[in-house]
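Overview (structure and organization)
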Protein chains: 2
Amino acid sequence: MNAKEILKSHILKTAQLTDEQFDYLFSHFKPLSFKKGQAIISEGDKVENEYFVVSGCLKAFFINDEIKMYILQFAMPTWWTSDYGALYNHTRATISVDCISDAEVLCLSNDDREKLCREIHQVEHFFRWRTNRGYLASQKRLLSFMNNDTKARYEELLALYPQLYNLVPKHLIAAYLGVSRETLSRLYNAQK
Amino acid sequence: MNAKEILKSHILKTAQLTDEQFDYLFSHFKPLSFKKGQAIISEGDKVENEYFVVSGCLKAFFINDEIKMYILQFAMPTWWTSDYGALYNHTRATISVDCISDAEVLCLSNDDREKLCREIHQVEHFFRWRTNRGYLASQKRLLSFMNNDTKARYEELLALYPQLYNLVPKHLIAAYLGVSRETLSRLYNAQK
DNA sequence: GCGCTTAGGTGATCTACATCACATTCTGCA
DNA sequence: TGCAGAATGTGATGTAGATCACCTAAGCGC
């Protein structure tokens, strides 16, 4: 499947769009390719766009005190990512996005999203649904943070994304779980 | 201001609705009154509705192992609350909602929300925007959990909701911050 | 191939916070 | 008005995970 087909099948799961409507929608997306390690959004940038992942894997992360990195999201194919706080509030990026592997994405500007939402009711429906999913996932992760210890969160993560274990270096998994790489290392070496 | 006016001014900040459209929308809300301590959603319930707070204060919480309570949200006037996971997925409640003080709410069923979103584009727009706010708040709280220690989170909470300090018993604030009540007590008695 | 950088493992030590135990208010209500 | 139960304070002790220090192995540019 090419990028257009992937996006189409993703959106049609939730919204009813005619072929003409989808083509019109799609004409607002810009396909982009990135290499492993390339930055898409860096702290301090103006944020104008959000990104739909077609292939590869991105991470959205926050760096505190110039030292510690926390990963908010691994963005796999059919996931959307950006610094949504900066995007909606027209502020500078505090969250960065870069590529864990080579990646293809479809880029949509905030202005175009809002325009499309105004023009096509079903597009607004789609984006409501999508945000809703994100909200529920975020709330679930928050609860998991409060309720579970590191080991339980680690197992939860691997159950949710089995691919991640091989795809992603372990120190990034630690940064997602919010623990030090040493603790993570001890954790899964102990349980053998 | 009465309940209808409060909801109207809340919604009109984001969506353009004619008076007729708003009246039609409002006709789907059921006003309800609760006493301090009353439960609105209990674990295991079927969840059919979400709630818009007109006055008073609710809490949405999760109880683990029948022992520890974690508060996901204090719902103050003009906030919405429910077990959204259960509401959208038609599963039983894992999150409970009850009243910290006497409260008036407006109750909207999931079916009616979806119907209204289909019928009136601007209503769908409003709910997209609302969910978006919730998503950003949840993500911010997640980052705060990973990045800050208890003391910083406590001060952040009081900066965000100054009323809370007097309105809400301290052990509930501890349950929101995800620390034991003892730790919280030591924390703000030490800093004098 | 050589060296440099990055990833990852492991021990020793430190610390924030949980947990347990008990004392002390406060508060609603019979 | 008096008392049961909730809310809160505070000491003693235990522990998960951070931090520091150092080591090995793997990837990559030249």
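A short tour of the structure in this document, coming up. Everything numeric here is computed off the predicted structure, so don't read it as measured data.

What follows concerns unusual backbone geometry. Of note, the phi angle at T78 of chain A is positive, near 75°, even though the residue is not glycine. Residue position: T78 of chain A is located in the loop between β5 (68-75) and β6 (80-81). Its identity as a non-glycine residue notwithstanding, H90 of chain B has a phi of 55°, on the positive side. Along the chain, H90 of chain B turns up in the loop between α3 (84-89) and β7 (95-99). Using a relative accessible area of 62% as the deciding quantity, one classes H90 of chain B as exposed.

Here we take up the protein's contact with DNA strand D. Taken together, 18 residues lie near DNA strand D, and S180 and T183 of chain A together with K170, R186 and Y188 of chain B sit nearest. Contact distances for DNA strand D include 3.0 Å between a base oxygen and a side-chain N or O atom of R186 of chain A. The contact in question runs from a base oxygen of DNA strand D to an N or O atom on the side chain of R181 of chain B, over 2.9 Å. Here the surface near DNA strand D takes 6 residues from helix α9 (residues 181-190) of chain B, the largest share from any one element. In terms of residue class, the surface near DNA strand D is made up of 3 nonpolar, 7 polar and 8 charged.

All names here are of chain A. Along helix α2 (residues 19-26), the positions that sit buried rather than exposed are F22, L25 and F26. Seen along its axis, α2 keeps its buried residues to an arc of 95°; they face one direction. Buried residues in α2 make contact with α1 (3-12), β8 (103-109), α4 (110-119) and α5 (121-147).

It is a general feature of regular strands that their side chains alternate between the two faces of the sheet. Residue and element names in this part refer to chain A. Within β8, 6 of the 7 residues are buried, leaving the element largely enclosed by the surrounding structure. When strand β1 (residues 30-34) meets β8, the two strands line up antiparallel, connected through 5 bridges. Looking across to β8, one finds that F34 is bridged to A103. Pairing of strand β3 (residues 49-55) with β8 involves 6 bridges; the strand directions are antiparallel. In the sheet register, S55 faces β8, and the bridge partner there is E104.

Moving on to the interface of chain B and chain A. At the interface, 34 residues of chain B touch 34 residues of chain A. Buried surface at the junction of chain B and chain A, both sides included, amounts to about 3,400 Å², of which 64% is carbon and sulfur. Area buried by chain B at its contact with chain A is led by H121, R128 and M146 of chain B, which between them contribute 22% of it. Along the contact surface separating chain B from chain A lie 4 salt bridges.

Attention shifts here to the environment of S33 of chain B. Residue and element names in this part refer to chain B. Looking at the secondary structure, you find S33 in strand β1 (residues 30-34). Judged by its relative accessible area of 60%, S33 is exposed. Once the C-alpha coordinates of S33 and L106 are considered, the two residues, 73 residues apart in sequence, prove to be 8.8 Å apart. Excluding anything up to four places from it in sequence, S33 contacts Q38, A103 and E104.

For the rest of this paragraph, the subject is the layout of surface pockets. All names here are of chain B. Computed from the structure, the second largest pocket encloses a volume of approximately 1,400 Å³. Together, 45 residues line the second largest pocket, and W79, R133, G134, L136 and A137 are the ones closest to its centre. Sorting elements by how many residues they give to the lining of the second largest pocket places helix α5 (residues 121-147) first, with 15 residues. In terms of residue class, the lining of the second largest pocket is built from 20 nonpolar, 16 polar and 9 charged.

Residues and elements named next belong to chain A. Strand order in the open sheet formed by 4 strands is β1-β8-β3-β6, with antiparallel pairing between adjacent strands. The open sheet has two edge strands with one neighbour each: β1 and β6. Sheet strands touched by α4: β3 and β8. Its angle to β8, the strand with the most contacts, is close to 65°.

This paragraph deals with the side chain of R130 of chain B. Residues and elements named next belong to chain B. Position of R130 among the secondary structure elements: in helix α5. Judged by relative accessible area, R130 falls into the buried class, the value being 11%. A polar side-chain atom of R130 sits 3.4 Å from a polar atom in the side chain of Y84. Residues within four places of R130 in sequence aside, it is in contact with E50, W80, Y84 and Y88.

Looking now at the relation of the copies chain B and chain A. You can overlay chain B on chain A at an RMSD of 0.0 Å; the transform is a turn of 180° with a shift of 0.0 Å along its axis. When the rotation and shift are considered jointly, the pair of chain copies conforms to a two-fold rotation axis. Comparing interface residues between copies, 100% of those in chain B also lie at the interface in chain A; the contact surface is shared.

Scoring rules and cut-offs
Residues numbered from 1 in each chain as written. Chains lettered and ligands numbered in written order. Predicted model: local features only at pLDDT ≥ 70, side-chain atom pairs only at ≥ 80, totals over all residues. Heavy atoms only, no water. Helix = DSSP H or I, 4+ residues; strand = E, 2+ residues; numbered from the N terminus. Buried < 20%, exposed > 50% of the residue type's maximum accessible area, 1.4 Å probe, protein only. Near = heavy atom within 4 Å. Polar contact = N/O pair within 3.5 Å; in protein donor to acceptor, adjacent residues only side chain to side chain. Nonpolar A, V, L, I, M, F, W, Y, C, P; charged D, E, K, R; others polar. Arc of directions from axis to C-beta. Contact = heavy atoms within 4.5 Å. Pairing = 2+ DSSP bridges. Buried area = accessible area lost by both parts, 1.4 Å probe. Salt bridge = Lys/Arg side-chain N within 4 Å of Asp/Glu carboxyl O. 1 Å grid on protein atoms, 1.4 Å probe; cavity = no way out; pocket = protein on both sides within 12 Å on 5 of 7 lines; lining within 4 Å. Points joined across faces, edges and corners; volume = space filled by probe spheres on them. Axes fitted to C-alpha atoms, helices over the stretch in contact; angles between N-to-C directions. Least-squares fit on C-alpha atoms with pLDDT ≥ 70 in both.

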